[in-house]
Amino acid sequence: MAANGQGEKRSAEEAAGEEPVLSLLDVLEEDDALEDEACAGYVKRQALYACNTCTPNTEEPAGICLACTYKCHEGHHLFELYTKRNFRCDCGNGKFKQMECKLFPEKENLNAGNKYNDNFFGLYCTCKRPYPDPEDETPDEMIQCIVCEDWFHGRHLGTDPPEHLEFQEMVCQCCMERCSFLWAYSNKIGVPIVTKITAAEADQEVKVEDCSEETTKSQNGPCIKTEEEKEVKEEQTPSTSCEKIYLFYRKPVNGHMSSSAKTDEKTEVEPCKLKEYRQHQTPRESGATYWPNNWRSKLCCCDQCMKMYTELEVLFLLEECDTVQAYENKGKSEVAQESRDPLMTALSSMNRVQQVELISEYNDLKTELKDYLKKFADEGKVVQTQDIQKFFEDLRSRKRRRQDGLQYYCS
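Predicted, not measured: the structure shown is a model, and the values here were computed from it.

(A) A negative patch on the surface, seen in detail. Together, Glu 74, Glu 357, Glu 361 and Asp 364 give the surface a local cluster of negative charge. With respect to the element layout, Glu 74 can be found in the loop between α3 (66-71) and β3 (78-87).

(B) Focus on the pattern of salt bridges. Tallied over the entire structure, the rule returns 18 salt bridges. The salt bridge involving Arg 155 is made with Asp 136; its shortest N-O contact spans 2.7 Å. Note that Arg 155 is positioned in the loop between β5 (151-153) and β6 (169-171) and Asp 136 in the loop between β3 and β4 (142-144), a separation of 19 residues in sequence. With a closest N to O distance of 3.0 Å, Glu 379 and Lys 381 form a salt bridge. For Glu 379, a relative accessible area of 53% gives the class exposed. Among the charged side chains, a network of salt bridges with common partners joins Arg 45, Arg 85, Glu 149, Glu 169, Arg 296 and Asp 322.

(C) Expanded view of the side chain of Asp 322. Here Asp 322 is to be found in the loop between α9 (303-312) and α10 (324-338). Polar side-chain contacts of Asp 322 include one of 3.0 Å to the side chain of Arg 296. Residues contacting Asp 322, with those up to four places away along its chain left out, are Arg 45, Arg 85, Arg 296 and Phe 316.

(D) Geometry of the sheet that holds strand β2 (residues 64-65). Ordered in space as β2-β1-β3, the three strands form an open sheet in which the pairing is antiparallel. Two strands close off the open sheet at either side, each with one partner strand: β2 and β3. Of the pairings in the sheet, the one linking strand β1 (residues 43-51) to β3 comprises seven bridges and is antiparallel in character. Bridging across to β3, Cys 51 finds its partner in Leu 78.

(E) Representation of the confidence of the model for the protein chain in the model. Chain-level statistics for the protein chain give a pLDDT mean of 74 and a share of 65% at 70 or above. In the predicted structure, residues 197-255 sits below a pLDDT of 50 and forms 57 contacts with residues beyond four places in sequence or in another chain.

(F) Structural view of the packing of aromatic side chains. Following the criterion strictly, the structure yields twelve aromatic pairs and no others. Centroid distance Tyr 372 to Phe 376: 5.4 Å. Interplanar angle 65°. Geometry classified as edge-to-face. In this pair, Tyr 372 and Phe 376 both sit in helix α12 (residues 352-379), four residues apart, roughly one turn of the helix. Pair check on accessibility: Tyr 372 and Phe 376 agree, each one buried. Members of the aromatic cluster, connected to one another through ring pairs, are Phe 181, Tyr 185, Tyr 277 and Tyr 309. Arg 85 extends its terminal NZ or CZ atom over the ring of Phe 316, reaching a point 3.7 Å from the ring centre. Cation over ring: Lys 95 sits above Tyr 116, and NZ or CZ is 3.6 Å from the ring centre.

Parameters at a glance
Residues numbered from 1 in each chain as written. Predicted model: local features only at pLDDT ≥ 70, side-chain atom pairs only at ≥ 80, totals over all residues. Heavy atoms only, no water. Patch = residues over 30% accessible without salt bridge, like charges linked within 9 Å, V, L, I, M, F, W, Y side chains within 5 Å. Areas by Shrake-Rupley, 256 points an atom, 1.4 Å probe, with all protein chains shown as cover. Salt bridge = Lys/Arg side-chain N within 4 Å of Asp/Glu carboxyl O. Lys, Arg positive; Asp, Glu negative; His and termini not counted. Charge placed at Lys NZ, Arg CZ, Asp CG, Glu CD. Helix = DSSP H or I, 4+ residues; strand = E, 2+ residues; numbered from the N terminus. Buried < 20%, exposed > 50% of the residue type's maximum accessible area, 1.4 Å probe, protein only. Polar contact = N/O pair within 3.5 Å; in protein donor to acceptor, adjacent residues only side chain to side chain. Contact = heavy atoms within 4.5 Å. Pairing = 2+ DSSP bridges. pLDDT = per-residue confidence, 0-100. Phe/Tyr/Trp six-rings, centres within 6.5 Å; stacked < 30°, edge-to-face > 60°. Lys NZ or Arg CZ within 6 Å of the ring centre and 35° of its normal.

Here it is in structure tokens:
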């Protein structure tokens, strides 16, 4: 009833030509609605955490968003998962038993689109160890696979990460076996892998120099290729042309197309990059692969390859915005915009404990202010400036009394 009365009053003010009055409560409720909407859907890429307090390794795995770590899981034992794609926050759903999310209480019981791994229990890599590992004294960095999104020690990838060559992304050994088509691209556009050779291997290595088309070298001197060998090599060497393929049809006979070729005189067909790369692919290797910047844009997008990506559930490899680098660049852009706000500047300079304390104080203030303004909404009253001033005066008085009481107790 109060809400209806307030709505009628606004209509009367608008009819009289006056500015409609919007209470601060309405602003807070609108802010909550936007916050709920943001928490409701799957996010393309976001920072995630797992709560070992609410969902230990004896329970089902679950992931929570950054906002819920502040609002719903303050003081809990959290695992930082960095970023994961296409994930919906699990906080408060069926995996959390009786716990209700404070940001978005009405959640579905299960997020079927979410994918989980051992990271949600604080275990990483093929060794299934925590990070940092108190029992591991070997200094090593961890790298995230862009396909399975698990984290791996550099020494457990099957191939050493390139030391002097920059790479932006990595695909682990297991994902390379599942997405074997990537081997053809790795030979062509991947970051070269430097194989380390031990002293024993170096003694047994036989150095072989490639022959040119005319001569090869052997222990007894130059090896001359015969004309017959040249012709055989030319017949076996596939075409390396990257030109577009054109299919030519018969020209019309007496002004009519032949029955076997009722199409355009010239049809353009885009070649499949993968098929071309496979013609020059070296024998299949093992281990992880490393990829430079913008390598995704060089993947083939023909119909056959698109079908393959769909079946393997790796369509995201075609999206540049899926990369962690794109996510970080977006974050930097948002931070640059927020830096204009003194409050956000102060918040970004704090450590996590200070941030949690400040956000906790803000949430308490928000709750108290909402309860205070709700009284006006229930009575159909308009909030005046003096009402807001009175609220903050009372708030300061209560804070001073708490501080005085604490000093008296400590003394």
